[in-house]
2 protein chains.
Amino acid sequence: MRTKTAHMQTTSFTDIARHLTDCGTPRVWSLLVAVFGELALDRDARISGSLLRHLTEQMGVKPEAMRVALHRLRKDGWIESARTGRTSDYFLTPWGHAQSMQASPRIYAAGPAAKSAWLVLSNPANPAQLEASPGAWVSSNVMITSVPPETEEVFTTPVTDTCPLPAWMSARICDADTVRLSQDFASALHALRATLGSDPQLTSIEIAALRVLLVHSWRRIILKAPVLPDHVFPDGWRGVECRVNVFNLLDQFPKQALASLETALVSGEPR
Amino acid sequence: MRTKTAHMQTTSFTDIARHLTDCGTPRVWSLLVAVFGELALDRDARISGSLLRHLTEQMGVKPEAMRVALHRLRKDGWIESARTGRTSDYFLTPWGHAQSMQASPRIYAAGPAAKSAWLVLSNPANPAQLEASPGAWVSSNVMITSVPPETEEVFTTPVTDTCPLPAWMSARICDADTVRLSQDFASALHALRATLGSDPQLTSIEIAALRVLLVHSWRRIILKAPVLPDHVFPDGWRGVECRVNVFNLLDQFPKQALASLETALVSGEPR
C-alpha cells in the first residue's frame, strides 16, 4: 500500500465511507467515542479540534453536528477540553478513559470471544448463582456461559461444536436484531472491499477515519453479542465473517499515530 | 434350604413377617394386589378363598380386614370371584390383569431401572416435548431421563457417574419421603436377614407369604422412584441395597407354584 500523493483526488473516500454509514447516519456521539478509543487511549493523548473536525468530515459528519456531540460528551463527563491559543484540544476524562479501556479488549479482539461454552443449570430457587457468569440465559435458570461458576450447586456440561444447539436456544444466545446487524455489516464489508480494490491509496487521515468507521460499526454488533465461542451462535449469524474482514482491514490499514496525523493535518497532506 | 417339617414350630414366621410390616400395618388391599401379582398372573389362575385367608393370616392380617379388602377389590373391578361348592375362588379381571402386567416388569426387575441418563432441556415455550420421556423433572423445562426424545428441538447431554449431580437436583429426582422409605426398608431387610439366619426352614406357604411381603414393600418404593440409573439418585438413597437384598431373598426363596400351595393347604402341611 502506498500513501496517496496530494495531486490525487480524494472524492473516492466518500464512496468508501458510505459503505460504513449507509445503515443510517452514525450517531456522532458514539462515533466520537470510537475516535477517542482509537486514537486517544494513552493517558496524555490530546486531539486537536481541527483534527477531530477533519476526521469526522471524512465520515460525512457536518461541523454543527460535531460541535453538538463534543458539547454533549463534555457534559456527560466523557471528555475534557483545554484551550491552546485560538483552538482547543480534547482528551478523555479519567472516567471516559476507564469506559474506553473496559470496552477496548472486546472490540479490538481479533479472535473469538471465547473458546469453550458450558450449559449451566442453577437451582431454580437460586438463579443468582449464575449472575456473575458471562454468556446468555436460555431459560430462567439456565445459561450458556464461557466461565461456569465454581460451585457444586450447579449442573455444568460442555457445549461442543459437534452437536448444534436447538434453534430456540441459539435464538436466545443472540437476538434476531443483532443477527440482522451482522448480516448488514457483512454485506457492507463485502461491498467495501470491492470499492477499496487491491491497492487503495489512502492518506493517513483517511486511514484513521476508515479504522474508526470499521471499529464503530463492529462495536455496535460485538458489544451486543455474548462472550461465547462462535459455534453456539444461531444460523444466519455473520459475526465471524465480519470479525475476520474487520481485522484483515485493520491489519491492512494499520493504526496511525496521533502525532503523525496532527502533522499531516498541519502540512496539508490530504487536500 | 430344607422345607420345614410339620412338627417344627411356625411361630418364627410371625417374627420374620414382623420385619416387613413394622413400618405400619400394610394396607390389605395393596397386599392382596401383591398376592395376585405374585401368584395369579397366569390367565387361568384362580386362588382359593382359603389359601388367600391362610396367606394373609401369615402376614398378620385379620380375617375381617381380608374380607373387606376382597370386597373392595371386586368393587374396583380388579378381581372377580366364582363359587366352587361351599367356598369361592378369586382371579384377576382382564383390567386387573393388565394393571398387574404393567407394573410387574418394574417391580420384578433385579437390575437397575436404566443404564444411562440424559439431561434434556426443552424450549420453555414447549415443555410438552418431554412429557413422554421417563425420568424426573428437575426444573420447569428440564428433565433427567433414560430415554431422551428424538427431536432436534431439545438440548440433550449425558449425565454420567463421574460427576455427581447437585444436591437440589437429585432431591428432585427422588423425594425425601421415598428416600426415607428406602432407608427404613434397607434396615428392615438387614434385621430380616439376621432373623432368617443361614438356613431358615419355611413351609411353602410361608415362602409365598415372605415373597409377597418382600415384593409389597419393594413396590411401594420402586414405583415411586423414576426409571433412571442408580448414580443419579440422591445421597441417602438405599434403594440399590434394598433391590440387591430383595432379589437375593427372592432367589433364595423361589416362587411357589399356585397348585402346590393349594395342595399343601389341603394336605395340612403348615399346621
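Caption draft 1: Molecular detail of empty space enclosed by the protein. All names here are of chain B. Tallied over the full model, the rule gives 3 cavities of 30 Å³ or more. The computed volume of the largest cavity comes to approximately 110 Å³. Around the largest cavity sit 16 residues that line it, and Ala 113, Ile 222, Asp 230, Trp 237 and Arg 243 are the ones nearest its centre. Those elements that provide at least two residues to the lining of the largest cavity are helix H8 (204-222) and helix H9 (239-252). For the lining of the largest cavity, the leading source of residues is H9, giving 3 residues. Partitioned by chemical class, the residues of the lining of the largest cavity number 11 nonpolar, 2 polar and 3 charged.

Caption draft 2: View of the relation of the copies chain A and chain B. Laying chain A over chain B is done by rotating through 180 degrees and shifting 0.2 Å along the axis; what remains is an RMSD of 0.1 Å. Between the two chains, the operation in question is that of a two-fold axis. Measuring from the rotation axis to each C-alpha of chain A, the shortest distance belongs to Thr 157 of chain A, at 3.7 Å.

Caption draft 3: A look at the packing of helix H2 (residues 28-39) of chain A against helix H8 (residues 204-222) of chain A. Residues and elements named next belong to chain A. The N-to-C vectors of H2 and H8 enclose an angle of 115 degrees; their axes lie 9 Å apart at closest approach. Of the two elements, H2 crosses H8, and the hand of that crossing is right-handed. Here Ser 30, Leu 31, Val 33, Ala 34, Val 35 and Glu 38 of H2 lie close against H8, whose contacting residues are Arg 211, Val 212, Leu 213, Val 215, His 216 and Arg 219. Residue classes in the contact of H2 with H8 are distributed as 7 nonpolar, 2 polar and 3 charged.

Caption draft 4: Up close: the nonpolar core. Counting 160 residues, the largest nonpolar core has Ile 144 of chain A together with Ile 144 of chain B as the members making the most contacts within it. In this view, Ile 144 of chain A contacts Ala 117, Trp 118, Leu 119, Pro 134, Gly 135, Ala 136, Val 138, Val 159, Met 169, Ile 173, Leu 228 and Val 232 of chain A; residues no more than four positions away in its chain are not counted.

Caption draft 5: The arrangement of the interface of chain A and chain B in detail. Facing the 20 residues of chain A at the interface are 20 residues of chain B. In total, about 1,500 Å² of surface goes out of reach between chain A and chain B, with carbon and sulfur atoms giving 69% of it. Per-residue buried area on chain A facing chain B is highest for Leu 121, Phe 155 and Trp 168 of chain A; these three make up 37% of the total on that side. Connecting chain A to chain B are 0 salt bridges. The tally of links between chain A and chain B comes to 5 residue pairs in polar contact (both at pLDDT 80 or more). Of all elements in the fold, only strand S4 (117-121), strand S5 (135-139), strand S7 (155-159) and helix H6 (167-173) of chain A reach the threshold of two or more residues within the side of chain A that touches chain B. Residues that form the side of chain A that touches chain B fall into these classes: 12 nonpolar, 5 polar and 3 charged.

Caption draft 6: Region of interest: the domain arrangement of chain A. Residue and element names in this part refer to chain A. Splitting chain A by domain gives domain 1 (11-113 + 172-266) and domain 2 (117-166). Computed over C-alpha atoms, the centres of domain 1 and domain 2 are 33 Å apart. Each partner contributes to the interface: domain 1 provides 8 residues, whereas domain 2 provides 14 residues. Taken together, domain 1 and domain 2 are joined by 3 residue pairs in polar contact (both at pLDDT 80 or more). Of the residues that constitute the side of domain 1 that touches domain 2, the class distribution is 6 nonpolar, 1 polar and 1 charged.

Caption draft 7: Inspection of the sheet that holds strand S1 (residues 47-48) of chain B at higher detail. Residues and elements named next belong to chain B. Taken in spatial order, the 3 strands make up an open sheet running S1-S3-S2, and their pairing is antiparallel. Edge positions in the open sheet fall to S1 and strand S2 (79-84), since each of these has one partner strand only. Sitting on the sheet, helix H4 (residues 63-75) is in contact with S2 and strand S3 (87-92), with an inclination near 115 degrees to S2.

Caption draft 8: Geometry of the pairing of S7 of chain A. Residue and element names in this part refer to chain A. Of the two faces of S7, only the one carrying Phe 155, Thr 157 and Val 159 is buried; Thr 156 and Pro 158 on the other face are not. Here S4 runs beside S7; their pairing, made up of 5 bridges, is antiparallel. Directly across from Leu 119, in S7, lies its bridge partner Thr 157.

Caption draft 9: Molecular detail of the sheet that holds strand S7 (residues 155-159) of chain B. Residue and element names in this part refer to chain B. On the basis of which strands lie adjacent, the open sheet formed by 4 strands has the order S5-S6-S4-S7 and antiparallel pairing. Of all the strands in the sheet, the pair left with one neighbour each is strand S5 (135-139) and S7. Neighbour to neighbour, the strand axes of the sheet diverge by 25 degrees on average, direction disregarded.

Caption draft 10: Summary view of helix H2 (residues 28-39) of chain B. All names here are of chain B. Over its 12 residues, H2 runs 16 Å from end to end, which matches the ideal 16 Å to within 8%, given 1.5 Å per residue. Burial of H2 is extensive: 12 of the 12 residues sit out of reach of the surface. Along H2, the residues that are buried comprise Val 28, Trp 29, Ser 30, Leu 31, Leu 32, Val 33, Ala 34, Val 35, Phe 36, Gly 37, Glu 38 and Leu 39.

Caption draft 11: Region of interest: the pattern of salt bridges. Residues and elements named next belong to chain A. Going through the model one piece at a time under the given rule, you end up with 14 salt bridges over all chains. Note that Arg 18 is salt-bridged to Asp 15, the shortest N-O span being 3.6 Å. Of this pair, Arg 18 and Asp 15 both sit in helix H1 (residues 11-21), 3 residues apart, which is roughly one turn of the helix. Among the salt bridges present, the one from Arg 211 reaches Glu 38, with a minimum N-O distance of 2.5 Å. One end of the pair, Arg 211, is in helix H8; the other, Glu 38, is in helix H2, and 173 residues separate them in sequence. Exposure remark for Glu 38: the relative accessible area of 1% places this residue in the buried category.

Caption draft 12: Representation of the environment of Ser 146 of chain B within the structure. Residue and element names in this part refer to chain B. Along the chain, the position of Ser 146 falls in the loop between strand S6 (142-145) and S7. Note on Ser 146: relative accessible area 13%, which makes it buried. In this structure, the C-alpha to C-alpha distance between Ser 146 and Val 159, residues 13 residues apart in sequence, is 9.7 Å. The contacts of Ser 146, once residues within four sequence positions are left out, are Ala 114, Ser 116, Trp 118, Pro 134, Val 227 and Leu 228. Here the side chain of Ser 146 touches Val 227 through a polar contact of 2.8 Å, landing on its backbone oxygen.

Caption draft 13: Just helix H3 (residues 49-58) of chain B, in detail. Residue and element names in this part refer to chain B. Within H3, 7 of the 10 residues are buried, which leaves the element mostly enclosed by the surrounding structure. Residues of H3 that are buried: Gly 49, Leu 51, Leu 52, His 54, Leu 55, Thr 56 and Gln 58. In the stretch just after H3, Gly 60 is the one whose phi turns positive, near 90 degrees.

Caption draft 14: Spatial organisation of the side chain of Asn 245 of chain B. Residues and elements named next belong to chain B. By secondary structure assignment, the location of Asn 245 is in helix H9. Looking at Asn 245, the relative accessible area reads 16%, which means it is buried. Setting aside its immediate chain neighbours within four residues, Asn 245 contacts Leu 189 and Arg 193.

Criteria and thresholds
- Each chain has its residues counted from 1, running along the sequence as written.
- Each chain is given a letter, starting from A, and each ligand a number, starting from 1, according to the order in which they appear as written.
- Reporting in this predicted model follows two pLDDT cut-offs: at least 70 for local features of residues, and 80 or more for side-chain atom pairs to be given and counted; totals over whole chains, interfaces and linings ignore these cut-offs and use all residues.
- Where side-chain values are given, they derive from all heavy atoms of the structure, hydrogens and water being excluded.
- Of the grid points, spaced at 1 Å and generated over the protein atoms alone, those admitting a 1.4 Å probe that cannot get out make up cavities, while open sets with protein on both sides within 12 Å along at least five of seven lines make up pockets; any residue with an atom within 4 Å of a point is treated as lining.
- Grid points are joined across faces, edges and corners, and a volume is the space filled by probe spheres set on the points.
- Helical segments are the DSSP runs of H or I of at least four residues, strand segments are the runs of E of at least two, and each set is numbered from the N terminus.
- Each residue gets one of three labels, nonpolar for Ala, Val, Leu, Ile, Met, Phe, Trp, Tyr, Cys and Pro, charged for Asp, Glu, Lys and Arg, and polar for the others, Gly among them.
- A least-squares superposition brings the copies together, and it is based on the C-alpha atoms of residues with pLDDT no lower than 70 in both.
- Lines fitted to the C-alpha atoms define the axes, with helices restricted to the stretch that makes contact. Angles between their N-to-C directions range from 0 to 180 degrees.
- We call a crossing left-handed when the near helix sits turned anticlockwise from the far one by less than a right angle, and right-handed when that turn is clockwise.
- In what follows, residue pairs with any heavy atoms lying within 4.5 Å of each other are defined as contacts.
- The set of buried Ala, Val, Leu, Ile, Met, Phe, Trp, Tyr and Cys residues whose side-chain atoms join them within 4.5 Å is what this entry labels a nonpolar core.
- Type-normalised accessible area, obtained with a 1.4 Å probe on protein chains alone, sets the label of each residue: buried when under 20%, exposed when over 50%, and partly exposed for intermediate values.
- When two components associate, each loses some accessible surface as probed by a 1.4 Å sphere; the sum of these losses over both components is called the buried area.
- Within this document, salt bridges are pairs made up of a side-chain nitrogen of Lys or Arg and a carboxyl oxygen of Asp or Glu, the two lying within 4 Å of each other.
- N or O atoms closer than or at 3.5 Å make up a polar contact, with two conditions inside protein: a donor-capable atom paired with an acceptor-capable one, and, for residues adjacent in sequence, both atoms drawn from side chains.
- As annotated, the domain borders come from an automatic or database domain assignment.
- Note: two strands are recorded as paired if DSSP finds a minimum of 2 bridges between them.
- In a helix, the anticipated span is given by 1.5 Å times the number of residues less one.

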